[in-house]
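What the coordinates show
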There are 4 protein chains.
Amino acid sequence: MDTRPVNLFDYEPLAQARMEPDAWNYFQSGSDDEVTLRENRAAFERIRLRPRVLVDVSACDTTTTVLGTPIAAPIMVSPSAFHCLAHPEGECATAAGTGAAGALMVASTSSTRSMEEIAAAASGPLWFQLYVHDRPRTQALVERAARAGYRALVVTVDAPYWGHKERSIRMGFALPPTMRKANFIDSPPIDADPSMTWETIDWLRSITSLPIVLKGILTGEDAELAMRHHVAGIVVSNHGGRQLDGSVSSIDALPEVVEAVGSRVEVYIDSGIRRGTDVLKALALGARAALLCRPILWALAADGAHGVEQAIGLLRKELGLAMALSGRPTIADIDCSLIR
Amino acid sequence: MDTRPVNLFDYEPLAQARMEPDAWNYFQSGSDDEVTLRENRAAFERIRLRPRVLVDVSACDTTTTVLGTPIAAPIMVSPSAFHCLAHPEGECATAAGTGAAGALMVASTSSTRSMEEIAAAASGPLWFQLYVHDRPRTQALVERAARAGYRALVVTVDAPYWGHKERSIRMGFALPPTMRKANFIDSPPIDADPSMTWETIDWLRSITSLPIVLKGILTGEDAELAMRHHVAGIVVSNHGGRQLDGSVSSIDALPEVVEAVGSRVEVYIDSGIRRGTDVLKALALGARAALLCRPILWALAADGAHGVEQAIGLLRKELGLAMALSGRPTIADIDCSLIR
Amino acid sequence: MDTRPVNLFDYEPLAQARMEPDAWNYFQSGSDDEVTLRENRAAFERIRLRPRVLVDVSACDTTTTVLGTPIAAPIMVSPSAFHCLAHPEGECATAAGTGAAGALMVASTSSTRSMEEIAAAASGPLWFQLYVHDRPRTQALVERAARAGYRALVVTVDAPYWGHKERSIRMGFALPPTMRKANFIDSPPIDADPSMTWETIDWLRSITSLPIVLKGILTGEDAELAMRHHVAGIVVSNHGGRQLDGSVSSIDALPEVVEAVGSRVEVYIDSGIRRGTDVLKALALGARAALLCRPILWALAADGAHGVEQAIGLLRKELGLAMALSGRPTIADIDCSLIR
Amino acid sequence: MDTRPVNLFDYEPLAQARMEPDAWNYFQSGSDDEVTLRENRAAFERIRLRPRVLVDVSACDTTTTVLGTPIAAPIMVSPSAFHCLAHPEGECATAAGTGAAGALMVASTSSTRSMEEIAAAASGPLWFQLYVHDRPRTQALVERAARAGYRALVVTVDAPYWGHKERSIRMGFALPPTMRKANFIDSPPIDADPSMTWETIDWLRSITSLPIVLKGILTGEDAELAMRHHVAGIVVSNHGGRQLDGSVSSIDALPEVVEAVGSRVEVYIDSGIRRGTDVLKALALGARAALLCRPILWALAADGAHGVEQAIGLLRKELGLAMALSGRPTIADIDCSLIR
């Protein structure tokens, strides 16, 4: 029996075996009854594909761009906190593995390596996930990100407070004393800000030339507002089922966001991506790319940078095969006629 | 592992461990095959939310009013019989805990403490649940309730007879000899009356100035009739799945009742409320407030008045968080656009 | 713990404990994968009721008539073969118990007591279920039925061959040597006839003045044909999931049959009735009465005539309670507005 | 307890007991999460039948023709590789058993007996399944097939690459050294070709007078293209859930293919056929015949040619019974009014 990972799910038990139970539960938990956590997978599994045949797929091409940056496949690494819980090298290993796989990583404000360390370890393009709080400190963070070579800001908009991750609460998770939010040394960490509004986005746009992507939009109404506030992109996300339990799955919310946005900006998706066919379904419904979160943490825990590279590589291969088997040799060939 | 209750479900095993099996089954049982009992939860879980973002939710306000009475959150305590089965102080403890949590309690005709004792123990507003039977005794009850400071009458209209609670029937439940229906000393208790009609409601209205709320309506037709008979409010309820098995869940029945009523009177809901997001969903579909039943009994059994206060507090916190995470900082902001 | 049956399901394990495994499997088995057998229950459980309130239900009346014969409730006993497998007195006990409960029994051609013995034992009205085969022998059967006082003929039309009851086939069921089809002594038993057509119905009508009811119709088209051939009634049935597996459940087929028939003749239903609310749902969708099959066999095996009487009594009580709890005090009050 | 197979499912454990685990998993596995593998069965089970009654079904006739060839029932044997994994006589046994049952076998390019050996062993009509690769070798194969008496070419169009059969991958399946693709001696085997297009079909048509059937079409669009390229038939198939996971089930795709094709060519179906009622449903939705795959391999492993003959015979009997019980005595009587 070959025990190397065959798919992304295979990293899950490997990671669990290597991690502390409280950290494991912190990563895995959804909020409340985890209805949305489960629905994120169920919604992908409900979608039925209509493959086409007798198309020349001898040379399938998964490459694409996001905000103009070329990537090997429409696959990115979603921001998440505290990678050192999974692996001693933390986000530096994630960045190295992501770049080696030709993908783009979105580094979290709450990383356990500083954004400069991550940038130094990275071999591929980076975006910076931002929590906005008091403006002077936020501005300092943004300027550091720009200096360190991050190409876009991904502003999390669905976390004015933290969802109630009960599995984690029962465990009593706290960051081990040997770890810290490495982007903050002289000041307390910036965290979610419940008073943030669209005006905050305007202010952010006024202080930086980096493109701004909003992460956590689930409605056409908010997508329309995002257009009015001139953002560069949207990540349709329910935060991996960790915020409002009962929220619509991201893949079910995608069409209304895409319809509201049209071709004005790029729309991405996270929350529940595990298979190449999930990426294919997301693209067919209008996404530009899909972001992976928990599977990256699993692969990082299982095998560090190499694990991350392998996991992204597996997903890219699955996507390439799914494109071939559905008669869509290029990303541009993937459209909604693929969905039943 | 922290073992304090994290949510309302956590009170259930604590209560079961403290209660006699026959009393426990009396509280827990639904009627017949418990299809409606299960559906009450399933229907809430099927509803998908559409959260909005970038709204200032730094100061969420859960306060509201019911029939003009301010309460800390749109959460009330539903009437249920025999609280002494759960805790020696019975309804007095429930009333004390409910008031301490800023909520309103509906005391049952079939309480094991008298309505006057309950009123004396209460620190918050009270309504009185009424079974209507022979008119002189009913009128006496109503007058006592008014004198004791109860602010409204909640007339149960879905119990001309008792549903067949088979779990309880198999156990052979009977009220222990040390307990009794404390509102009745000189006369036999008033119970469900199968001959009650809309005319009974008219009569009731003629003998009291207390507002009358009907509990147990599940159709638009009956909501329309309730308007013609000038009631002050409606509780959409299937009696916690304890009456007609196969009845529609209360949350699925809510929209047609709300549509029939419009803004003429307040509509409340019970049967299946366990989460802050359930309250949020009920309000989005037009309810003014939600009533809790079994979770209150669980908390009462687990920890008396303090348990009741804590349980209502937990639900209120969940509601506040759900309002923040859905971008609805006040009760007035919650509307049907929140529902997919 | 009280162990007397509380509902019809309770008779099932009692019967299994008393019966030979091969006979038990013969009664219980559905055809093929038992998809229709399961669907018969699932379809009833999917239906949601809309109870009305504040109707005077102090005197609910379950009485009705079928083809002009008064019965205590819209509940009849469906024909089934070989009651002696369940109880030594066989169909005689069934008839005695059914009559004692105020119900009507349809005796099977394949009974293990003769139709004359059954009629002698019966205390209530009887109909005779008929398999049509060669005409002289069929005519003789019909004449005997009329002489013995049977008031209608129920012609089974869904059994040109026997469905593949695999549980039973694996067991190798055969009628014990001590039992036989008691209606046949000098000639081989009449069984299903695959060449029967509508013309056969016309012939049958020509030789008897007994009203003819067709059992096993599941489509509006056949209901329309039945009208053209002047039958007196229709039993919507899939033979308890024992004939064509994958057939629509009888309760889902009922509306199209009722729509085709209008008020011209009575429509009955069997297959899956276990609860008073099932009868209520069937009546709301247009049935005149519901027929019970397996629960009668269970009750017969459990406790003979007394068991049958008790089981029908339980169901009648459940129906009465369901009528009261849905605000329908008489059979005539039950209409489709009860169904969501 | 009789242990002879009662239905096709019964062959599954018999086969598993006789086969090497890696070969077993190779046959059984679907791709990825096996969503489509499960859906192939679930989709059949969801379909509800509307049987008609009082039709003379004393002489049901399952015979039909495919491309003009008479067969005993609308049942064929789908092409699959490596029958020697199931039984030492491999495809020769399959062909003998299939012919004995009056059915037609589609022999695979990847057979472990050569097409000439299979033809010699066959007692019934044969078609040849073709993978198209470099044209000279493909043409040689086609000419051999014509010479050996194969009556049609079935071109697999859904396998430009192999789906990711993970159960099999984990097992590390490889063809045992004692077996080989017997159609190829001097040259490497022809396998899936990812560059194949509709032009390839045109070329194939130019080099042979054998009718060409495309296997693996799931959309109306491709069915329309197939018409333009003058094929003789279409097999609606998702390759038994072994190619693109998440693909629509074949029975759910059938109606749109039938609608696109009209009566121009014959449409067949495979993927998930296990019951006579499945064949009945497929025909009701417009298929000319259904192809069996895994059940044939199970029966072959369980009992060689005799097993194959018995299995097809069982299915034919089931179909005949299903036709009788649905009031459709001939294949021509089966239409879409049978489906709810």
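Preceding block: the structure.
Residues numbered from 1 in each chain as written. Chains lettered and ligands numbered in written order. Predicted model: local features only at pLDDT ≥ 70, side-chain atom pairs only at ≥ 80, totals over all residues. Heavy atoms only, no water.

Considering the overall build of chain A
Along chain A, the regular secondary structure elements total 12 helices and 10 strands. The globule rule puts the C-alpha radius of gyration for 340 residues at 20 Å, and the 19 Å found for chain A is close to it. When its C-alpha atoms are laid out on the principal axes, chain A stretches across 60 × 50 × 40 Å. Counting only residues that meet the buried cut, chain A has 64% of its 340 residues in that class. Contacts in chain A between residues far apart in sequence, at least 24 positions, make up 74% of those at least 6 positions apart. As displayed, chain A offers around 11,300 Å² of accessible surface, 52% of which is attributable to carbon and sulfur atoms. Of the charged side chains in chain A, 33 are positive and 40 negative, and the gap between their average positions amounts to 3 Å. (Helix = DSSP H or I, 4+ residues; strand = E, 2+ residues; numbered from the N terminus. Rg over C-alpha atoms; globule rule 2.2 N^0.38 Å. Buried < 20%, exposed > 50% of the residue type's maximum accessible area, 1.4 Å probe, protein only. Contact = heavy atoms within 4.5 Å. Areas by Shrake-Rupley, 256 points an atom, 1.4 Å probe, with all protein chains shown as cover. Lys, Arg positive; Asp, Glu negative; His and termini not counted. Charge placed at Lys NZ, Arg CZ, Asp CG, Glu CD.)

Observations concerning the interface of chain D and chain A
With 40 residues of chain D at the contact, the number on the chain A side is 29 residues. Summing both sides of the interface, chain D and chain A together bury roughly 2,900 Å²; the carbon and sulfur share of this comes to 56%. The largest contributions to the chain D side of the interface with chain A come from Tyr161, Arg170 and Leu244 of chain D, which together make up 23% of the buried area. Put simply, chain D and chain A have eight salt bridges between them. We note a salt bridge from arginine 170 of chain D to aspartate 10 of chain A, for which the minimum N-O separation is 2.9 Å. Taken together, the connections running from chain D to chain A amount to 15 residue pairs in polar contact (both at pLDDT 80 or more). Elements with a minimum of two residues in the side of chain D that touches chain A: helix 3 (35-46), helix 7 (166-171), helix 8 (198-207), strand 7 (212-217), helix 9 (220-228) and helix 10 (250-261) of chain D. Of the residues belonging to the side of chain D that touches chain A, the class tally is 18 nonpolar, 10 polar and 12 charged. (Buried area = accessible area lost by both parts, 1.4 Å probe. Salt bridge = Lys/Arg side-chain N within 4 Å of Asp/Glu carboxyl O. Polar contact = N/O pair within 3.5 Å; in protein donor to acceptor, adjacent residues only side chain to side chain. Nonpolar A, V, L, I, M, F, W, Y, C, P; charged D, E, K, R; others polar.)

Topic: helix 11 (residues 276-284) of chain D
Within helix 11 of chain D, nine of the nine residues are buried, which leaves the element mostly enclosed by the surrounding structure. Contacts made by the buried residues of helix 11 of chain D are with helix 3, strand 3 (75-77), helix 10, strand 9 (266-269), strand 10 (289-292) and helix 12 (294-325) of chain D.

As for the interface of chain C and chain B
At the junction of the two partners, chain C supplies 29 residues and chain B supplies 40 residues. In this assembly, chain C packs against chain B so that about 2,900 Å² is buried in total across both faces, 56% of it on carbon and sulfur atoms. If you sort the residues of chain C by the area they bury against chain B, Val53, Leu54 and Leu325 of chain C come out on top, with a joint share of 24%. Counting every contact that joins chain C to chain B gives eight salt bridges. In this structure, the connection of chain C to chain B is made through 15 residue pairs in polar contact (both at pLDDT 80 or more). Looking at the side of chain C that touches chain B, the elements that each hand over two or more residues are helix 3 (35-46) and helix 12 (294-325) of chain C. Ranked by residues supplied to the side of chain C that touches chain B, first place goes to helix 12 of chain C with five residues. Taken together, the residues of the side of chain C that touches chain B sort by class into 14 nonpolar, four polar and 11 charged.

Overview of the relation of the copies chain D and chain A
For the pair of chain copies, the relating transformation is a rotation about an axis with a translation along it. Superposition record for chain D on chain A: RMSD 0.0 Å, screw rotation 90 degrees, translation along axis 0.1 Å. As the rotation angle and translation indicate, the two copies are arranged about a four-fold axis. Across chain D, the rotation axis passes nearest the C-alpha of arginine 46 of chain D, at a separation of 11 Å. (Least-squares fit on C-alpha atoms with pLDDT ≥ 70 in both.)

Focus: the layout of surface pockets
Residue and element names in this part refer to chain C. Taken as a whole, the largest pocket spans an internal volume of roughly 780 Å³. Considering the residues around the largest pocket, the lining is formed by 41 residues, among which Tyr26, Phe27, Lys165, His239 and Arg242 are closest to the centre. The set of elements that each furnish at least two residues to the lining of the largest pocket consists of helix 2 (21-28), helix 3, strand 10 (289-292) and helix 12. Among the residues forming the lining of the largest pocket, the class breakdown is 16 nonpolar, 14 polar and 11 charged. (1 Å grid on protein atoms, 1.4 Å probe; cavity = no way out; pocket = protein on both sides within 12 Å on 5 of 7 lines; lining within 4 Å. Points joined across faces, edges and corners; volume = space filled by probe spheres on them.)

Section: empty space enclosed by the protein
Tallying each qualifying case throughout the model produces 16 cavities of 30 Å³ or more. Here the largest cavity defines a volume of roughly 170 Å³. Val157, Asp158 and Pro160 of chain B together with Val53 and Leu325 of chain C are the residues nearest the centre of the largest cavity, which is lined by 23 residues in total. Of the residues that constitute the lining of the largest cavity, the class distribution is 14 nonpolar, six polar and three charged.

Notes on the packing of aromatic side chains
Summed over all chains, the structure comprises 28 aromatic pairs over all chains. Between tyrosine 131 of chain B and tryptophan 162 of chain B, the aromatic rings sit 5.6 Å apart at their centres with planes inclined by 90 degrees, giving edge-to-face as the arrangement. Of this pair, tyrosine 131 of chain B sits in the loop between strand 5 (126-130) and helix 6 (135-147) while tryptophan 162 of chain B sits in the loop between strand 6 (153-156) and helix 7 (166-171), and the two are 31 residues apart along the sequence. When its relative accessible area of 9% is taken as the criterion, tyrosine 131 of chain B is described as buried. Of the aromatic side chains, those joined through ring pairs into one cluster are Tyr26, Phe27, Phe82 and Phe173 of chain A. Here the basic side chain of arginine 242 of chain A rests over the ring of tyrosine 26 of chain A, its NZ or CZ set 5.0 Å away from the ring centre. (Phe/Tyr/Trp six-rings, centres within 6.5 Å; stacked < 30°, edge-to-face > 60°. Lys NZ or Arg CZ within 6 Å of the ring centre and 35° of its normal.)

Comments concerning the arrangement of the chains
The smallest C-alpha distance separating chain A from chain C is 21 Å, and no contact links them. Between chain B and chain D there is no contact, and the shortest C-alpha to C-alpha distance separating them is 21 Å.

Topic: the sheet that holds strand 4 (residues 104-107) of chain B
All names here are of chain B. One closed barrel accounts for eight strands, arranged 3-4-5-6-7-8-9-10; its pairing is parallel. Geometrically, the sheet is characterised by an average inter-axis angle of 30 degrees between neighbouring strands, direction not taken into account. With four bridges connecting them, strand 8 (residues 233-236) and strand 9 (residues 266-269) associate as parallel partners. Within the sheet, the bridge partner assigned to valine 235 lies in strand 9 and is tyrosine 268. Strands strand 3 (75-77) and strand 4 of the sheet are contacted by helix 4 (residues 90-100), whose axis makes an angle of about 160 degrees with strand 4. In the packing of helix 10 (residues 250-261) onto the sheet, the strands contacted are strand 7 (212-217), strand 8 and strand 9, and the crossing angle to strand 9 comes to about 175 degrees. (Pairing = 2+ DSSP bridges. Axes fitted to C-alpha atoms, helices over the stretch in contact; angles between N-to-C directions.)

What to know about the sheet that holds strand 9 of chain D
Residues and elements named next belong to chain D. Strands sit in the order 3-4-5-6-7-8-9-10 around a closed barrel of eight strands; the barrel is parallel. On average, each strand axis in the sheet is inclined to that of its neighbour by 30 degrees, with strand direction left out of account. Where helix 9 meets the sheet, it contacts strand 7 and strand 8 (233-236), and its direction lies at approximately 165 degrees from that of strand 7.

Quick word on the side chain of glutamate 318 of chain A
Along the chain, the position of glutamate 318 of chain A falls in helix 12 (residues 294-325). Of note is the side chain of glutamate 318 of chain A, whose polar atom sits 2.8 Å from the side chain of arginine 275 of chain A. If we ignore the near neighbours within four places in the chain, the residues touching glutamate 318 of chain A are Val6, Asn7, Arg274, Arg275 and Gly276 of chain A together with Glu166 of chain D.

Let's talk about the environment of glutamate 20 of chain C
Mapped onto the fold, glutamate 20 of chain C is located in the loop between helix 1 (11-18) and helix 2. Remark: the alpha-carbon pair of glutamate 20 of chain C and serine 249 of chain C, spanning 229 residues in sequence, is separated by 29 Å.

Quick look at the pattern of salt bridges
This structure, assessed with the given rule, holds 92 salt bridges over all chains. For arginine 46 of chain A, the salt bridge goes to glutamate 39 of chain A, with nearest N and O atoms at 2.7 Å. Linked through salt bridges whose partners overlap, the residues forming this network are Asp10, Arg275 and Glu318 of chain A together with Asp33, Glu166 and Arg170 of chain D.

A few points about the side chain of threonine 219 of chain B
Residue placement: threonine 219 of chain B occurs in the loop between strand 7 and helix 9 (220-228). Threonine 219 of chain B gets classed as buried once you look at its relative accessible area, which sits at 0%. Here the side chain of threonine 219 of chain B touches aspartate 222 of chain B through a polar contact of 3.1 Å, landing on its backbone nitrogen. Beyond its immediate chain neighbours, meaning those up to four positions away, threonine 219 of chain B contacts Glu256 and Val257 of chain B together with Arg50, Pro51 and Arg52 of chain C.

A look at the pairing of strand 7 (residues 212-217) of chain A
Residues and elements named next belong to chain A. With six of six residues buried, strand 7 lies mostly within the body of the structure. Pairing of strand 7 with strand 8 (residues 233-236) involves four bridges; the strand directions are parallel. Across the sheet, residue leucine 214 finds its bridge partner in strand 8, namely isoleucine 234. For the handedness criterion, the β-α-β arrangement of strand 7, helix 9 (residues 220-228) and strand 8 is classed as right-handed. (Right-handed = clockwise from strand over helix to strand, strands pointing away.)

Read these as spatial facts, not as claims about activity.
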